[in-house]
Each structure stands twice: as C-alpha cells, then as structure tokens.
Amino acid sequence: MTSRVLRVIIMGPPGAGKGTISSRIASAFKLPHLSSGDLLRTHISQGTHIGREAKRYTSEGLLVPDQTMVSLILDSISGSELRWLLDGFPRTLPQAKALSENVGVDTVINLDVPDSTIIDRIKGRRVHLPSGRVYHDEYNPPKVARLDDHTGEELIQRPDDHPDTVRERLQHYNSQTRPVLDYYEKLNLLRSFTGTESDVLWPQIETFLHSEFSTE
Ligand code: AMP
C-alpha cells in the first residue's frame, strides 16, 4: 500500500466492533485513527475551553453542538496529509455536509451488525466492579460462573448493559445516523458490510480497501 490519499469514515452502532475494525484498518493501511469521542475526552481531561463545553453535553448523554465538533475535527485532520480514519464523526447531517464542503471523503465503511447480535453479545457481559475486569458468559467466562477469577467476588451486569437499555441506545443510534448513511449512500460512498463477527467482516473490508485504494 503506497501512501496515497485515503480518507475513510467508519460507522456502526455501539457494540458492532467498530474499535476492533478501526484498529485493524489503522494498522494495515497506516492511517491515523481519529476518534471524536477520544478527542473530546482528551479535551475534557485537559480542561480546555472545548473540553469544558463538551463536558456539559457528554455528561448528559447529549451530542456536542455541530459547530464545535466540525471545527475540532477539521483542525485535527488538517495536518494529516489527507490520510485518516474518522470514527464517531460525522454523527449528524450538518456535520457530514460540513466535512464534504471542506475536505473530500473516499469511502464510508458501515458495519451493519444486526441489533439482535449486539443485544445478545452485551447481554452476556459481566464485570467485577472494583477491578474493572470484564467477562462474558459465552466468549470469556470466569472459572466459576458469576464470580471473579482473582477475588471470588460477585460479578454484576452494568445497568448500561441491560438489554432494554441497549435496545434504546441502538434505536437512538439508528434514528440519529440514518440521515448520515442516506447522505453517503446518495453520494455513492457508502459500503456496508453485513455480519455478526469482526473476524469475518475484517477480511472483506481489508480486501475492499486494498482493491479500491491500493496503487500497488
Ligand atoms: P463516543 O466515544 O464516540 O461514544 O463519544 C462520546 C460522546 O462524545 C458522545 O456521547 C457525544 O456526547 C460526544 N460526541 C462524540 N462524537 C460526536 C459527534 N460527532 N457529534 C456530537 N457529539 C459527539
């Protein structure tokens, strides 16, 4: 892969494996991975002007205003030689339009993972609160059911991981991002990959990016 222009957006509901796929894309194609959530968290922890504004919204589970997000993201990608992987942005139609007006986008990868798969996956997650250790009934079970391997203490399900809460989050995501997906679909930039496992989706995404964007 030569270092030609490659501007990729990744989209997908919470729990779809966006983190896993993003880090694989970033490492296989040597792209800087820009996560809008991580950028905001850095600003918040540093107590910057943007961080103070962002905190008011993120702490309420609300979206940060478009204008703030657009200037934050445009500033972050301006020095990266037209090679980046954007994750978490755009979340709204005005953000998508502002991005198109200022920089080009080569492709939008959409992880189309069924809601039922995400709910099932999250449903089995159990945490040991004092240490933060995370288990999964099926994929990463503790040695003794429902007990932490190191302390023997009880594991709990985070309220956030309750199926009803997850369902609500997914509905919220779907209604919020539908217009953005439609927008990229019309521009013929949207590439959806449907499946339930990151390990199955990844080779398809890698092949697609190589065939479309490799000059070797
Ligand atoms: P994330 O880690 O992507 O879930 O982002 C954490 C929080 O940051 C979100 O719940 C929003 O409050 C805020 N945020 C991240 N990206 C955006 C965006 N593109 N537009 C507005 N708010 C955002």
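Residues numbered from 1 in each chain as written. Predicted model: local features only at pLDDT ≥ 70, side-chain atom pairs only at ≥ 80, totals over all residues. Heavy atoms only, no water.

**Re the pairing of strand 4 (residues 107–112)**
Of all six residues in strand 4, five are buried, a share of seventy percent or more. Bridge count between strand 1 (residues 6–11) and strand 4: four bridges; the pairing is parallel. In the sheet register, Met-11 faces strand 4, and the bridge partner there is Asn-110. Of the strand pairs in this sheet, strand 4 and strand 7 (residues 190–194) are connected by five bridges, and their pairing is parallel. The residue bridging Asp-112 from the neighbouring strand is Thr-194, located in strand 7. (Buried < 20%, exposed > 50% of the residue type's maximum accessible area, 1.4 Å probe, protein only. Helix = DSSP H or I, 4+ residues; strand = E, 2+ residues; numbered from the N terminus. Pairing = 2+ DSSP bridges.)

**Re the UniProt feature "binding site: GTP" (unreviewed entry) in the protein chain**
Here the UniProt-annotated "binding site: GTP" (unreviewed entry) positions come out as Gly-15, Ala-16, Gly-17, Lys-18, Gly-19, Thr-20, Arg-125, Val-134, Tyr-135 and Ser-198. Counting through the fold element by element, Gly-15 comes out in the loop between strand 1 and helix 1 (18–29). Residue class for Gly-15 comes out partly exposed when judged on its relative accessible area of 36%. Among all residues touching Gly-15, those that are not within four sequence positions of it are Ile-118, Arg-121 and Ile-122. Following the sequence through the fold, Tyr-135 ends up in strand 6 (residues 133–136). Taking the relative accessible area as the measure of exposure, Tyr-135 reaches 6% and is therefore buried. When near neighbours in sequence (up to four residues on either side) are disregarded, Tyr-135 contacts Gly-124, Arg-125, Arg-126, Asn-140, Pro-141, Pro-142, Asp-148, Asp-149, His-150 and Leu-155. (UniProt positions renumbered as here; feature names shortened; annotations may be inferred. Contact = heavy atoms within 4.5 Å.)

**Section: the environment of Ser-211**
Looking at the secondary structure, you find Ser-211 in helix 8 (residues 198–213). Overall, the relative accessible area of 55% leaves Ser-211 in the exposed class. When the C-alpha positions of Ser-211 and Ile-77 are compared, they lie 24 Å apart, and in sequence the two are 134 residues distant. A distance of 3.0 Å separates the side chain of Ser-211 from the backbone oxygen of Phe-208, its partner in a polar contact. (Polar contact = N/O pair within 3.5 Å; in protein donor to acceptor, adjacent residues only side chain to side chain.)

**Comments concerning the sheet that holds strand 2 (residues 33–35)**
Taken together, the five strands give an open sheet; going across it, the order is 2-3-1-4-7, and neighbouring strands pair in parallel fashion. Of all strands in the sheet, those bounded by a partner on one side alone are strand 2 and strand 7. Averaged over all pairs of adjacent strands, the angle between strand axes in this sheet comes to 20°, irrespective of strand direction. Helix-sheet contacts for helix 7 (residues 163–186) involve strand 1, strand 4 and strand 7, and the interaxial angle to strand 1 is about 150°. (Axes fitted to C-alpha atoms, helices over the stretch in contact; angles between N-to-C directions.)

**Points about the packing of helix 5 (residues 93–102) against helix 7**
Interaxial distance between helix 5 and helix 7 falls to 8 Å at its minimum, and their mutual angle equals 35°. In this structure, helix 5 contributes Leu-93, Ala-96, Lys-97, Leu-99 and Ser-100 to the contact, and helix 7 contributes Pro-179, Val-180, Tyr-183 and Tyr-184. Residue composition of the contact of helix 5 with helix 7, grouped by class: seven nonpolar, one polar and one charged. (Nonpolar A, V, L, I, M, F, W, Y, C, P; charged D, E, K, R; others polar.)

**So, the site of the ligand**
Near the ligand, the surroundings consist of 13 residues, among which Ser-36, Leu-62, Val-64, Gly-88 and Gln-95 are the closest. Note that a nitrogen atom of the ligand is positioned 2.9 Å from one of the backbone N or O atoms of Gly-88. Between the ligand and Arg-91, the relevant distance is 3.2 Å, taken from an oxygen atom to a side-chain nitrogen or oxygen of the residue. Protein coverage of the free-state accessible area of the ligand, which is 470 Å², stands at 79%. (Near = heavy atom within 4 Å. Areas by Shrake-Rupley, 256 points an atom, 1.4 Å probe, with all protein chains shown as cover.)

**Side note on the UniProt feature "binding site: AMP" (unreviewed entry) in the protein chain**
On the UniProt side, "binding site: AMP" (unreviewed entry) is annotated at positions that read Ser-36, Arg-41, Leu-62, Leu-63, Val-64, Gly-88, Phe-89, Pro-90, Arg-91, Gln-95, Arg-158 and Arg-169 here. Across 134 residues, the annotated set is spatially dispersed, with a maximum C-alpha separation of 31.7 Å. Along the chain, Arg-41 turns up in helix 2 (residues 36–46). On the basis of relative accessible area, Arg-41 is assigned to the exposed category, the value being 52%. Of note is the side chain of Arg-41, whose polar atom sits 2.9 Å from the side chain of Asp-38. Residue placement: Arg-91 occurs in the loop between strand 3 (83–87) and helix 5. Given a relative accessible area of 33%, Arg-91 falls into the partly exposed group. Leaving out residues up to four positions away in the same chain, Arg-91 has contacts with Ser-36, Leu-63, Gln-176, Thr-177 and Val-180.

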